[in-house]
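Architecture at a glance
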Amino acid sequence: MTILRKIYHYINILSIDVVAGSVASALFFGKVFKVSVSINTLAALALSVWAIYTVDHLIDARSVYGIASTERHRFHQKNFKLLLCIVPAIIITGVYLMRFVPYEVSSFGSVLGLVVIAYLISQQHLKFLKEIFVAILYTGGVVLPSMVAPEFFVQPLHYVIIVQFFFTALLNLLLFSFFDYHHDLQHKQNSFAILCGRDTTLKCVVTLGSLNLLISFWFVTHNQSVAIMFLLMNGILLTILLFEKDFRQNNYYRIAGDAIFILPVFSLL
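Bear in mind the structure is a predicted one, so any value in this text is a computation, not a measurement.

**Observations concerning the nonpolar core**
Ranked by internal contacts, the top residues of the largest apolar core, which has 66 residues, are Phe29 and Ile161. Counting residues per element, this core draws most heavily on helix α8 (residues 156–179), which supplies 14 residues. Those residues in contact with Phe29 that lie beyond four places of it in its chain are Val142, Val143, Ser146, Ile161, Ile162 and Phe165.

Listed below in structure tokens is the structure:
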């Protein structure tokens, strides 16, 4: 493993690429809704996303009996106490930064935060709804900074973009569920694929991906750059599925799947 590959490997394990994707996506929605997203807002979002994903991984790692079969879970098992000490500091810093973001964002953010806490407490009981909940929370988090836009609630096409982003996030999570099926089965973890089966999950991934591509082709006449971005994001996810064996090596499916949410940053150029 080369140095760069090793560095990015740990970036992925620590969900730092997910954080980068959330910031890129928030900036994308800021451009769409013509809102200037402040540094404080982006920093608060980044810290919140990292804390949520890390706590989620720690809960999963804690629930595994013995040594986990996936490197992500083994890493969180090995560094459980250290990460458990870091998370509260990150959360406190994020809450402090919320003082410097627009009132509308902090208000909706507080509500979303309560929903996240409820999710983390009850996630073991969500079963197949877990992927849907995470997709909703992730979409809500990256859209949140743009909710100060006056035209946010009156532009129909904006809702189409939000829904398509949610579909893309859900497709990403269902794809991971499909790939992680055997590991989740071994460790008795709940997921959509475990409860509904790999065949059903595969059908859902193909259907959702195809629907997203159709929406993107339709959207070309309204906003070409946004349509191309969604075509790329969903095209990559379907390519991962098409070349399943290749992407299984070294967890490339997860690295590529998480990296697609950084693509929206190119719409800012």
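Having seen the model, we can carry on.
**Re helix α12 (residues 224–242)**
Counted at 1.5 Å a residue, the expected span for α12 with its 19 residues is 27 Å, and the 26 Å between its end C-alpha atoms agrees. By the burial criterion, the buried members of α12 are Val226, Ala227, Met229, Phe230, Met233, Asn234, Leu237, Ile240 and Leu241. Here the buried residues of α12 occupy an arc of 165° about the axis, which is enough to place them on one side. Within α12, the exposed residues directed more than 90 degrees away from the buried face are Gln224 and Leu242. Turning to α12, the residues buried within the fold contact α2 (16–32), α8, α11 (198–219), α13 (244–248) and α14 (252–259).

**A word on the packing of helix α3 (residues 39–63) against helix α4 (residues 71–78)**
Relative to each other, α3 and α4 sit at 90°, their axes nearing to 9 Å. Taken together, the axes of α3 and α4 are roughly perpendicular relative to one another. Between α3 and α4, the residues in contact are Thr54, His57, Leu58, Asp60 and Ala61 and Arg72, His73, His76 and Gln77, respectively. Looking at the contact of α3 with α4 residue by residue, the classes come out as two nonpolar, five polar and two charged.

**Brief notes about the packing of aromatic side chains**
Taken as a whole, this structure holds 14 aromatic pairs when the rule is applied. Ring geometry for Phe166 and Phe167: centres 5.9 Å apart, planes at 45°, overall tilted. Each member of the pair, Phe166 together with Phe167, is buried. Centroid distance Trp218 to Phe219: 5.9 Å. Interplanar angle 55°. Geometry classified as tilted. Since its relative accessible area comes to 44%, Trp218 is described here as partly exposed. Ring-pair connections join several aromatic residues into one group, and the members of that group are Phe28, Phe29, Phe33, Tyr138, Phe165, Phe230 and Phe261. Sitting over the ring of Phe176, Arg254 keeps its end group 4.4 Å from the ring centre.

**Some remarks on helix α1 (residues 3–13)**
Think of an α-helix as 3.6 residues a turn; residues three or four steps apart then line up on the same face. Those residues of α1 not exposed but buried are His9, Asn12 and Ile13. In a view along the axis of α1, the buried residues occupy a sector of 95°, so they form one face of it. Opposite the packed face of α1, turned more than 90 degrees from it, sit the exposed residues Ile3 and Leu4. Buried residues along α1 sit in contact with α2, α4 and α14. Looking at the residues trailing α1, positive phi occurs at Ser15, about 65°.

**Considering the packing of α2 against α8**
Two elements in contact, α2 and α8, have axes whose closest approach is 11 Å; the angle formed by their N-to-C orientations is 165°. Viewed along their axes, α2 and α8 adopt a mutual orientation that is roughly antiparallel. Handedness of the α2/α8 crossing: right-handed. Facing α2, whose interface residues are Ser25, Phe28, Phe29 and Val32, α8 presents His158, Ile161, Ile162 and Phe165. Split into classes, the residues belonging to the contact of α2 with α8 amount to six nonpolar, two polar and no charged.

**Describing a nonpolar patch on the surface**
A cluster of nonpolar side chains, namely Ile3, Leu4 and Ile7, defines an oily patch on the protein surface of about 360 Å² accessible area. Relative to the helices and strands, Ile7 resides in helix α1.

**Considerations on the side chain of Asp56**
Counting through the fold element by element, Asp56 comes out in helix α3. Although Asp56 is buried, it forms no salt bridge, and the closest oppositely charged side chain is Lys130 at an N-O distance of 4.3 Å. Polar side-chain contacts of Asp56 include one of 3.5 Å to the side chain of Tyr119. Beyond its immediate sequence surroundings of up to four residues, Asp56 is in contact with Tyr119, Leu120, Gln123 and Lys130.

**Remarks on the layout of surface pockets**
In this structure, the second largest pocket spans a volume of roughly 220 Å³. Secondary structure elements with two or more residues in the lining of the second largest pocket: α2, α8 and α12. Of the residues in the lining of the second largest pocket, the class split is six nonpolar, four polar and three charged.

Definitions and cut-offs
Residues numbered from 1 in each chain as written. Predicted model: local features only at pLDDT ≥ 70, side-chain atom pairs only at ≥ 80, totals over all residues. Heavy atoms only, no water. Core = buried A, V, L, I, M, F, W, Y, C linked by side-chain atoms within 4.5 Å. Buried < 20%, exposed > 50% of the residue type's maximum accessible area, 1.4 Å probe, protein only. Helix = DSSP H or I, 4+ residues; strand = E, 2+ residues; numbered from the N terminus. Contact = heavy atoms within 4.5 Å. Expected span 1.5 Å × (residues − 1). Arc of directions from axis to C-beta. Axes fitted to C-alpha atoms, helices over the stretch in contact; angles between N-to-C directions. Parallel < 35°, antiparallel > 145°, perpendicular 65-115°, else oblique. Nonpolar A, V, L, I, M, F, W, Y, C, P; charged D, E, K, R; others polar. Phe/Tyr/Trp six-rings, centres within 6.5 Å; stacked < 30°, edge-to-face > 60°. Lys NZ or Arg CZ within 6 Å of the ring centre and 35° of its normal. Left-handed = near helix turned anticlockwise from the far one by under 90°. Patch = residues over 30% accessible without salt bridge, like charges linked within 9 Å, V, L, I, M, F, W, Y side chains within 5 Å. Areas by Shrake-Rupley, 256 points an atom, 1.4 Å probe, with all protein chains shown as cover. Salt bridge = Lys/Arg side-chain N within 4 Å of Asp/Glu carboxyl O. Lys, Arg positive; Asp, Glu negative; His and termini not counted. Polar contact = N/O pair within 3.5 Å; in protein donor to acceptor, adjacent residues only side chain to side chain. 1 Å grid on protein atoms, 1.4 Å probe; cavity = no way out; pocket = protein on both sides within 12 Å on 5 of 7 lines; lining within 4 Å. Points joined across faces, edges and corners; volume = space filled by probe spheres on them.

Functional significance is not addressed by these values, which are geometric in nature.
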